[in-house]
Each structure stands twice: as structure tokens, then as C-alpha cells.
Amino acid sequence: MSEHVLQTRSLSIGYRSAKRKSAGFSRSAHGTCKVIADKIELDLAAGELVCLLGPNGSGKSTLMRTLAGVQKPLGGSVLLKGKEVGKQHPKEIAKLMSLVLTERVMTGNMSVYALVALGRSPYTGWMGRLSPEDETIVRQAIETTGTRRFSHRHVGDLSDGERQKVMIARAIAQDTPVILLDEPTAHLDLPNRLEIIQLLKTLAQEQGKAVVLSTHELDLALQAADRIWLMNPSGGSSSAMVAAIPESLVLDGHLEHAFKRNGFEFDPFSGSFRLSRQGVRQIGLVGEGITAYWTQRALERAGCMVIPGASDIRHIEIETLNGEHKWKYVSGEGCRPVEKESLDELLSLVNESQNEGKER
Ligand SMILES: Nc1ncnc2c1ncn2[C@@H]1O[C@H](COP(=O)(O)OP(=O)(O)OP(=O)(O)O)[C@@H](O)[C@H]1O
């Protein structure tokens, strides 16, 4: 089994107040504090990609900051390669763990190359002079993240996606066994989100890095993560932490419970949330393949509950001939089918019949 590079033991995270009384804070063994989550027991192995999920305000950033040692735990410990983070010198921590935050960093007129080179600072002398080996590592980090084409530009002139890749390049140049990233895909378009997740997955698989990223991308986390750490508001004032492989979290209902809201329902087959379809009319769908899949999606968007394969109720049959599709709408048993040549036309017909049904 792989070595555990980061662990938490009875970790309690949250905020302290200097005042005796503060709104949202209470008196405890740790003083006046607000506990965000406690009794956290986590193990992160080398080569593992972990996604930290949880609804807004559940404590993801608080946990990230506590793991990175920039915020003190209320209780318990964070162990980095077996040693307590709070008891290590910042320079030693910087050789073992890098942290990528979403917030814009003050970079002045710094070039992309200079910012990535800052990743080498735990290894350089006080002058910050790079050795030829450091220079090679910086160039490799720039190459790996695909940032070479804008490496001469100022960081302040970059788009959000470009800047995010540069921050990851800096973390790669820091060359630590653990990389923590707080919402690295926030503000990015889909291709950039996929590119960043792919890059992090490659770092874990090919270079044995242990990577933890917090995200709101449920879909991507389910596809890419080796393990998910889920911060689940427990009903009280603090969150409970569940750590498991993505599929177990779906099957055990933890994901649904964590994100459930009125008006949304979790589809365990696709692993995504969708608008709930209460009080809708059933419709059968006879057909196969990608056309049947997108027909079902269109019908559900129109407010139908689709029963695949059912032809003894109001239903649709998909016919495919020489790559051309036709949709036959049968409004009830024994009724004559109405044929449509496009999904768009079919949907108008279904909508009309639903509206007639409502008026009656
Ligand atoms: N400095 C602070 N003092 C007191 N409470 C704070 C402080 N910073 C954050 N909090 C509270 O801690 C809780 C967890 O916040 P945190 O930012 O860690 O959540 P999050 O899961 O990262 O949220 P989001 O998904 O919205 O980024 C929230 O209730 C927040 O209001």
C-alpha cells in the first residue's frame, strides 16, 4: 500500500474569537470558538487524487487552510510525512506541500516565468538565485502546464484560466509530494476545467504526487477522483466528514444528502442533480442508442416522466433508416401514430398535447 503523506487525527477546524461572547461562537475546551467540523480523520496517499466536495459554507476552504498550516486547528493534528504541521518550520513545510489558492495574488509587474520560478524559493539561498537545475525544473513546469506560449507576459495581463495554470506551474516547480488546490477550476470554461483536472490526474498518476483539490464540480469529481472527501452539513452547526471512493458515496446516498435542495433531485445513474419532476405525465419511449438518450433528455426537459420500452401507454417510437431518424408519437393505446422528422417538431407536438391535457 502507498505511503500516507498527509493525515489528520481528531482534527477540529474552525475559528477562535478573542472576545468572551461573539455571534455564532460558543465557549468550549478550546476557548470561545466556532467549530466548522471536528473529529476529522483523513489519510492521503502518494499518487492519489482527492476531490474535496461540500455545499457552500460547509468548510472546504477552512479545511484547506488548516491542512496547509496557514490556519491553526482548534484541536487535534495535521501530520505531514508523520510530523505535525504546526511544529515544522515554514521552509520545511514548503518543501513537502504546496498550496494553490483561487484569489488573485499581488504580482505587480512580475512575468509568468518569474512567478513560476518563485516555486523554487524553498531551495534557493536568501538571494533567490536559481541554479541551472532550478532553471530546468521551472522550464519543465512551464512545459507541463502548457504555459510556455505566454511565459514572457505579465501575470496581471492573463485571463483567469491562464493565471490558474501559471499558479499550478508554480506549485509543480515547488516539487512537493503534496499539492493542495482551493477551487482551481472556479471561473474556468469547460475545456479549461477538463484540462486542469487532467493535468492534476497526470501529476498524481505519473509523478506520484498526492493532490487534493476543493471543487463544486460534482460531475468532474465523480469521474476523476480516486477518493472524495465530502463535507456534509450534519444538521447542527458543524459539518461531518465522509471519505470514500466516489461510487460508494453515490450508492450510500451521501452525495444526495449533502447537496439535496427542494426542487432538485439526484440522479444516481448519471451522478448529477436535475430539476425534480413531480406531478408529471408518463410517456413511453421505444428506441435505442444516442438518439433515444437525447430524445429522453428532451422529453424530461419538457416535463415528462419517460418510461423506456413502454408501448402500452402514450409513447414515442424511434425509427432509423439509412442513418435518418423519424419519431412516431402515439397518444394512447390504439391511436394512430403521428410522424415527425425532427426532435424539435416532436417536442412541439408533445408540449401541445401536454397543454391540451392540462386544459381539459
Ligand atoms: N474568519 C472567519 N471567522 C468566522 N467564521 C468564518 C470565517 N471565515 C469563514 N467563516 C465561516 O466558516 C464557514 C465555512 O467557510 P468556508 O469558506 O470554509 O466554506 P466553503 O465550504 O469553502 O464555502 P464555499 O463553497 O462557499 O467557498 C462558513 O460558515 C463561513 O461563514
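Note on numbering: residues in each chain are counted from 1, in written sequence order. With the structure being a predicted model, the display of local features is reserved for residues of pLDDT at least 70 and the display and counting of side-chain atom pairs for 80 or more, all residues being used for whole-chain, interface and lining totals. Water and hydrogen atoms were dropped before computing side-chain values, which therefore reflect all heavy atoms in the structure.

Caption draft 1: Main features of a nonpolar patch on the surface. To count toward a patch, a residue needs a relative accessible area over 30% and no salt bridge; like charges are then connected within 9 Å, while nonpolar side chains (Val, Leu, Ile, Met, Phe, Trp, Tyr) are connected within 5 Å. In this description, accessible areas are obtained by the Shrake-Rupley approach with a 1.4 Å probe, and a residue is regarded as covered only by the protein chains that are shown. Each salt bridge in this description consists of a side-chain nitrogen of Lys or Arg and a carboxyl oxygen of Asp or Glu lying within 4 Å of one another. A cluster of nonpolar side chains, Ile290, Tyr293 and Trp294, forms an exposed patch at the surface whose accessible area comes to about 360 Å². Structurally, tryptophan 294 can be placed in helix 10 (residues 289-301). With relative accessibility at 44%, the residue tryptophan 294 sits in the partly exposed group. Each helix is a run of DSSP H or I of at least 4 residues and each strand a run of E of at least 2, with the numbering of both proceeding from the N terminus. For the exposure calls, accessible area comes from a 1.4 Å probe over protein chains only, and a residue counts as buried if that area is under 20% of its type's maximum, exposed if over 50%, partly exposed in between.

Caption draft 2: Geometry of the domain arrangement of the protein. Boundary definitions for the domains trace back to an automatic or database domain assignment. Each assigned domain of the protein is listed with its residue range as follows: domain 1 (1-20 + 31-96 + 176-263), domain 2 (104-174) and domain 3 (281-356). Distance from the C-alpha centre of domain 2 to the C-alpha centre of domain 3: 54 Å.

Caption draft 3: A look at helix 10. The length a helix should cover is 1.5 Å for every residue beyond the first. With 13 residues, helix 10 extends 19 Å from end C-alpha to end C-alpha; this agrees with the ideal 18 Å at 1.5 Å per step. Turning to helix 10, its buried residues number three or more, namely Thr291, Ala292, Thr295, Ala298, Leu299 and Glu300. Downstream of helix 10 by one or two residues, glycine 303 has phi in the positive range, about 95°.

Caption draft 4: Spotlight on the pattern of salt bridges. Under the counting rule described, the total for this entry stands at 15 salt bridges. A salt bridge links glutamate 41 to arginine 9; its shortest N-O distance comes to 3.5 Å. Of the two residues, glutamate 41 sits in strand 3 (residues 31-45) while arginine 9 sits in strand 1 (residues 4-16), which places them 32 residues apart along the sequence. A salt bridge links lysine 328 to glutamate 319, with the nearest nitrogen and oxygen atoms 2.6 Å apart. A relative accessible area of 39% means that glutamate 319 is categorised as partly exposed. Sharing partners across several salt bridges, the network here consists of Arg9, Glu41 and Asp43.

Caption draft 5: Geometry of the sheet that holds strand 16 (residues 315-321). Strand order in the open sheet formed by five strands is 15-14-16-17-18, with mixed pairing between adjacent strands. Edge positions in the open sheet fall to strand 15 (304-308) and strand 18 (338-340), since each of these has one partner strand only. Between one strand axis and the next, the sheet turns through 25° on average, direction left out of account. One requirement defines pairing of two strands: DSSP has to find at least two bridges between them. The pairing of strand 16 with strand 17 (residues 324-330) spans seven bridges and is antiparallel. Axis definition: a line fitted to C-alpha atoms, over the contacting stretch in the case of helices. Angles run 0 to 180 degrees between N-to-C directions.

Caption draft 6: Region of the structure containing unusual backbone geometry. One non-glycine residue with positive phi stands out, namely lysine 39, at about 55°. You can see lysine 39 is positioned in strand 3. Phi at asparagine 322 is positive, roughly 50°, even though this residue is not glycine. Locating asparagine 322 in the fold gives a position in the loop between strand 16 and strand 17.

Caption draft 7: Focus on the site of the ligand. In the vicinity of the ligand, 14 residues are found, and the nearest of them are Gly57, Gly59, Lys60, Ser61 and Thr62. The term polar contact refers here to a pair of N or O atoms within 3.5 Å; inside protein, the definition further demands a hydrogen-donor-capable atom paired with an acceptor-capable atom, and it admits residues adjacent in sequence only when both atoms are side-chain atoms. Note that an oxygen atom of the ligand is positioned 2.9 Å from one of the backbone N or O atoms of glycine 57. Relative to its unbound accessible area of 640 Å², the ligand is 62% covered by the protein chains. Those elements that place two or more of their residues in the shell around the ligand are strand 3 and helix 1 (60-68). The element that contributes the greatest number of residues to the shell around the ligand is helix 1, accounting for three residues. Considered class by class, the residues forming the shell around the ligand number four nonpolar, seven polar and three charged. The rule for a residue being near a molecule or strand is that one of its heavy atoms must lie within 4 Å of it. The nonpolar class holds Ala, Val, Leu, Ile, Met, Phe, Trp, Tyr, Cys and Pro. Asp, Glu, Lys and Arg form the charged class, and all remaining residues, Gly among them, are polar.

Caption draft 8: Local environment of the packing of helix 4 (residues 132-144) against helix 5 (residues 160-174). Two numbers describe how helix 4 lies on helix 5: the axes approach to 8 Å, and their chain directions differ by 140°. The angle between helix 4 and helix 5 falls in the class oblique. Handedness of the crossing formed by helix 4 with helix 5: right-handed. Note on element contacts: helix 5 touches helix 4 through Ala169, Ile172 and Ala173, opposite Ile137, Ala141 and Thr144. The residue inventory of the contact of helix 4 with helix 5, partitioned by class, reads five nonpolar, one polar and no charged. Any angle from 65 to 115 degrees is called roughly perpendicular, while one under 35 is roughly parallel, one over 145 is roughly antiparallel, and all others are oblique. Here is the rule for handedness: rotate from the far helix to the near one, and if that takes an anticlockwise turn smaller than a right angle the crossing is left-handed, while a clockwise turn gives right-handed. Throughout, a residue-residue contact means that at least one pair of heavy atoms, one from each residue, lies within 4.5 Å.

Caption draft 9: Quick look at the pairing of strand 16. Judged from the three bridges that link them, strand 14 (residues 281-286) and strand 16 form a sheet pairing that is parallel. Directly across from valine 286, in strand 16, lies its bridge partner glutamate 317. Linking strand 16 to strand 17, which pair antiparallel, is a turn of two residues; within it asparagine 322 sits at a positive phi near 50°.

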